[in-house]
Amino acid sequence: MKKYLNISIIIITIIILSIFYLNYRSSNEVQINKFMDETKDPDAIEILNPKFKNKGLNINPYEISAKEGIQIGENIELYSIDAKFTDKNNKLININADKGLYNQKDQIIHLSGNILMYDTLDNKTLTEKAVIEIKNKKIFLLDNVVSISGTSIIESNSSIVDDINKTITYTGNVKVKIVNK
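Residues numbered from 1 in each chain as written. Predicted model: local features only at pLDDT ≥ 70, side-chain atom pairs only at ≥ 80, totals over all residues. Heavy atoms only, no water.

### Structural notes on the nonpolar core
With 23 residues, the main nonpolar core has Ile64, Leu78, Ile95 and Leu111 as its most contacted residues. Mapped by element, the contributors of at least two residues to this core are strand S3 (62–72), strand S4 (75–86), strand S5 (92–103), strand S6 (108–119), strand S7 (124–133) and strand S8 (138–141). Top contributing element to this core by residue count: S4, with five residues. Residue contacts for Leu111: discarding those within four places in its chain leaves Ile81, Ile95, Ala97, Lys99, Gly100, Glu128, Lys129, Ala130 and Ile132. (Core = buried A, V, L, I, M, F, W, Y, C linked by side-chain atoms within 4.5 Å. Buried < 20%, exposed > 50% of the residue type's maximum accessible area, 1.4 Å probe, protein only. Helix = DSSP H or I, 4+ residues; strand = E, 2+ residues; numbered from the N terminus. Contact = heavy atoms within 4.5 Å.)

Next comes the structure, spelled out in structure tokens:
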């Protein structure tokens, strides 16, 4: 009986020491992670609801807004993006994405995650990655592109929308489906 009591005491002691050790370790990891986040980039500035507008002298008007952003130098990480661009014919193009990186100087925005482009004519394009070159008036759709218009669905690996030359180029494995209404 004494043997079982000693074994029980040893097991309980090991359990208690393990709990203290794990608690100490996890609180230490939280403090280290917090310190790493704070010291990651001392120049980072958090911005709530950032908005960038250009009425356009040489560039068509656009507006880029997000729920939050982090500015690091000339680049701004954006989260929950809603952008509006106007093409040569004053047609409005809306773009939504989970996140992006906007370079104000070069006027280039890299988007990723659940990207949806749509216009006033009910044309929709979905992709996972995109790059918008505002000055060059080009949009590069880079990953699993699906474009849906009134009577057609086009799927491709990538696509380039060129507003200056008024072209859309699909590349990679391209599939076109035309629906009769």
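### Observations concerning the packing of aromatic side chains
On inspection of all chains with the given rule, the structure shows two aromatic pairs. Their ring planes at 55 degrees and their centres at 5.1 Å tell us that Phe52 and Tyr102 sit as a pair that is tilted. Taken together, the residues Phe52 in strand S2 (residues 51–54) and Tyr102 in strand S5 connect sequence positions 50 residues apart. In this structure Phe52 comes out as buried when scored by relative accessible area, which is 13%. Between Tyr62 and Phe85 the ring centres are 5.8 Å apart and the planes differ by 25 degrees, which places this aromatic pair in the stacked class. Residue Tyr62 is found in strand S3, and its partner Phe85 is found in strand S4; the two are separated by 23 residues along the sequence. (Phe/Tyr/Trp six-rings, centres within 6.5 Å; stacked < 30°, edge-to-face > 60°.)

### Regarding the environment of Gly69
Within the element layout of this structure, Gly69 appears in strand S3. Judged by its relative accessible area of 0%, Gly69 falls in the buried class. Those residues within four positions of Gly69 in sequence are excluded, and the remaining contacts are Ile45, Glu46, Ile47, Pro50, Ile76, Glu77 and Leu78.

### Examining the pairing of strand S11 (residues 158–162)
Judged from the four bridges that link them, S8 and S11 form a sheet pairing that is antiparallel. Across the sheet, residue Phe140 finds its bridge partner in S11, namely Ile160. With five bridges connecting them, S11 and strand S12 (residues 167–171) associate as antiparallel partners. Each residue of the ladder has a partner; that of Ser159, found in S12, is Tyr170. What sits between the antiparallel neighbours S11 and S12 is a turn of four residues, in which Lys166 has the positive phi angle 55 degrees. (Pairing = 2+ DSSP bridges.)

### A short note on the pattern of salt bridges
The full count for this structure, using the stated rule, is five salt bridges. Between Lys51 and Glu63 there is a salt bridge; the shortest N-O distance is 4.0 Å. With a gap of twelve residues between them, Lys51 in strand S2 and Glu63 in strand S3 connect regions that are remote in the sequence. Connected through shared salt-bridge partners, Lys51, Lys53 and Glu63 make up one network. (Salt bridge = Lys/Arg side-chain N within 4 Å of Asp/Glu carboxyl O.)

### Some thoughts on the side chain of Thr125
Along the chain, Thr125 falls in strand S7. A polar atom in the side chain of Thr125 sits 3.2 Å from the side chain of Ser147. Other than its neighbours up to four places away in sequence, Thr125 contacts Ile115, Leu116, Met117, Leu141, Val145, Val146 and Ser147. (Polar contact = N/O pair within 3.5 Å; in protein donor to acceptor, adjacent residues only side chain to side chain.)

### Looking at the environment of Leu92
Locating Leu92 in the fold gives a position in strand S5. For the pair Leu92 and Tyr118, spaced 26 residues apart in sequence, the C-alpha to C-alpha distance is 8.7 Å. Beyond its immediate chain neighbours, meaning those up to four positions away, Leu92 contacts Lys84, Phe85, Thr86, Tyr118, Asp119 and Thr120.

### Here we look at unusual backbone geometry
The backbone of Asp122 sits at a positive phi, close to 65 degrees, despite the residue not being glycine. Judged by relative accessible area, which is 58%, Asp122 ranks as exposed. One non-glycine residue with positive phi stands out, namely Lys166, at about 55 degrees. For Lys166, the position within the fold is in the loop between S11 and S12.

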